[in-house]
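# Residue-level structural notes
Here is what each chain is made of, one letter per residue.
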Amino acid sequence: RLHEALSELRIGGATTNLDFLRRVAESVGSAHLLLVDSSGRVAYSLDESFPAGSSLLTGGPAVGAAADGLSAAFHQCLASRETRLGRFLQLRGVAHPVAFVTSPVTDRGTAVGMLALGFGPQPLWDILADMGDLGASGEIVAGERQGESLLVTAPLRHERDAAFRLLIPSGPAASGPAAFGTTRPAAAPTAGPGTTGEEGYGPAIDYRGRPVVAAWR
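Residues numbered from 1 in each chain as written. Predicted model: local features only at pLDDT ≥ 70, side-chain atom pairs only at ≥ 80, totals over all residues. Heavy atoms only, no water.

## Points about the overall build of the protein chain
Condition: Runs of E in the DSSP output that reach at least two residues are strands. Runs of H or I that reach at least four are helices, and both are numbered from the N terminus. In this scheme, a residue with accessible area under 20% of its type's maximum is buried, one over 50% is exposed, and one in between is partly exposed, where area comes from a 1.4 Å probe on protein chains only. Residue contacts are defined here by distance: any two heavy atoms, one from each residue, within 4.5 Å place the two residues in contact.
Tallying secondary structure elements over the protein chain gives five helices and ten strands in all. Across the 217 residues in the protein chain, those meeting the buried criterion constitute 41%. Residue pairs in contact within the protein chain that sit at least 24 positions apart in sequence constitute 34% of those at least 6 positions apart.

## A word on the packing of aromatic side chains
Going by this rule: Whether two aromatic rings pair depends on their centres lying within 6.5 Å, for rings of Phe, Tyr and Trp, where Trp uses its six-membered ring; planes under 30 degrees apart make the pair stacked, over 60 edge-to-face, and the rest tilted.
Summed over the entire model, instances satisfying the criterion amount to two aromatic pairs. Relative to F100, the ring of F50 lies with its centre 6.2 Å away and its plane at 75°, an arrangement referred to as edge-to-face. Taken as a pair, F50 in the loop between β2 (42-45) and α3 (66-80) and F100 in strand β4 (residues 98-107) lie far apart in primary sequence, 50 residues in all. The pair formed by F50 and F100 is uniform in burial state, with each residue classed as buried.

## Digging into the nonpolar core
As a rule of thumb, soluble globular proteins bury nonpolar side chains together. Condition: Working definition of a nonpolar core: buried Ala, Val, Leu, Ile, Met, Phe, Trp, Tyr and Cys residues. They are joined through side-chain atoms within 4.5 Å.
Of all hydrophobic cores here, the largest spans 16 residues; its most connected members are L34, F50, L56, L70, L91, F100 and M114. When residues in this core are grouped by element, the largest group, four residues, is from α3.

## With respect to unusual backbone geometry
Residue R81 is not a glycine yet carries a positive backbone phi of 55°. Among the secondary structure elements, R81 is positioned in the loop between α3 and β3 (84-89).

## Re the sheet that holds β4
To keep things clear, this is the line we draw: When DSSP finds two or more bridges between two strands, those strands count as paired. Angles run from 0 to 180 degrees between N-to-C directions of axes, and those axes are lines fitted to C-alpha atoms, restricted for helices to the stretch in contact.
One open sheet accounts for five strands, arranged β2-β1-β5-β4-β3; its pairing is antiparallel. Looking along the sheet, the strands with just one partner apiece sit at the ends: β2 and β3. The mean angle between the axes of side-by-side strands here comes to 25°, regardless of whether they run parallel or antiparallel. Here four bridges tie β3 to β4, and the two strands are oriented antiparallel to one another. Across the sheet, residue F88 finds its bridge partner in β4, namely A99.

## Notes on the pairing of strand β7 (residues 149-152)
Here β7 shows two buried faces, one formed by S149 and L151 and the other by L150 and V152. As judged from the four bridges shared by strand β6 (residues 143-146) and β7, these two strands associate in the antiparallel manner. By the bridge assignment, G143 is partnered in β7 with V152. Hairpin connection from β6 to β7: two residues lie between these consecutive antiparallel strands, with G147 at a positive phi of about 65°. For β7 and strand β8 (residues 167-169), the ladder comprises three bridges, and the chain directions are antiparallel. By the bridge assignment, L151 is partnered in β8 with L167.

## Things to note about the sheet that holds β8
Read from one edge to the other, the open sheet built from three strands follows the order β6-β7-β8, with strand pairing classed as antiparallel. Either end of the sheet is taken by a strand with one partner, and the two such strands are β6 and β8. Pairwise comparison of adjacent strand axes, ignoring direction, gives a mean angle of 30° for this sheet.

## Description of the confidence of the model for the protein chain
Which entries qualify depends on this criterion: As a per-residue measure, pLDDT tells how confident the predictor is, with possible values from 0 to 100.
Summary statistics for the protein chain give a mean pLDDT of 77 and a share of 75% for residues scoring 70 or more. Low pLDDT, under 50, characterises residues 5-14; the stretch is placed with ten contacts to residues that sit more than four places away or in other chains. This model gives residues 172-189 a pLDDT under 50, and the stretch forms 50 contacts once residues within four places in sequence are excluded.

## Considerations on the pattern of salt bridges
Rule in force here: In what follows, salt bridge is the name for a side-chain nitrogen of Lys or Arg lying within 4 Å of a carboxyl oxygen of Asp or Glu.
Scanning the entire structure with this criterion turns up six salt bridges. With its nearest N and O atoms 3.5 Å apart, the salt bridge here joins R84 to E82. On the basis of relative accessible area, R84 is assigned to the partly exposed category, the value being 35%. Taking relative accessible area as the criterion, E82 reaches 41% and is therefore assigned partly exposed.

And the structure:
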């Protein structure tokens, strides 16, 4: 139904809703906006990373491996009816990784599709760069789970090129290349609690192998 409604908008020349969505995306600095119907088919796309008519569920050369990540977000979105921020994906033809905020589209209480708005990492980096209350050596380590390790997704105070390159192992066997480039294994297995959803604080060993006091979530 969502796909039919959008098709009627374009065919009839009434593009007000689509223009509104385009302006919303541009106002928040996003070049990636998708409307996906309940079958997983892309009904509207602001760019060619996910062409209109392609499927998040079947993938294919048109969308590449990024469809797998957005397919999982699609299923979670329709099942939970919640707005969520997903993991970073490498889109075809896009230099930087993109994370999508996904939200269900409903019609009289029934989920009929998903709206996805994609952002590059810079807005997050700008927030994390504020270390005014962390003293001379403190920093924020942000990342996402990749296997048994944490893939760092933002520059670090003591290693500025770590974003999407540095893997912090959570166990002795966790090492190897990251999805966005070849990296060296981190010095010590420190990422375990944060990557399993635990929250806490206390003494730890950081990615440089140095003793620190840390809080994690």
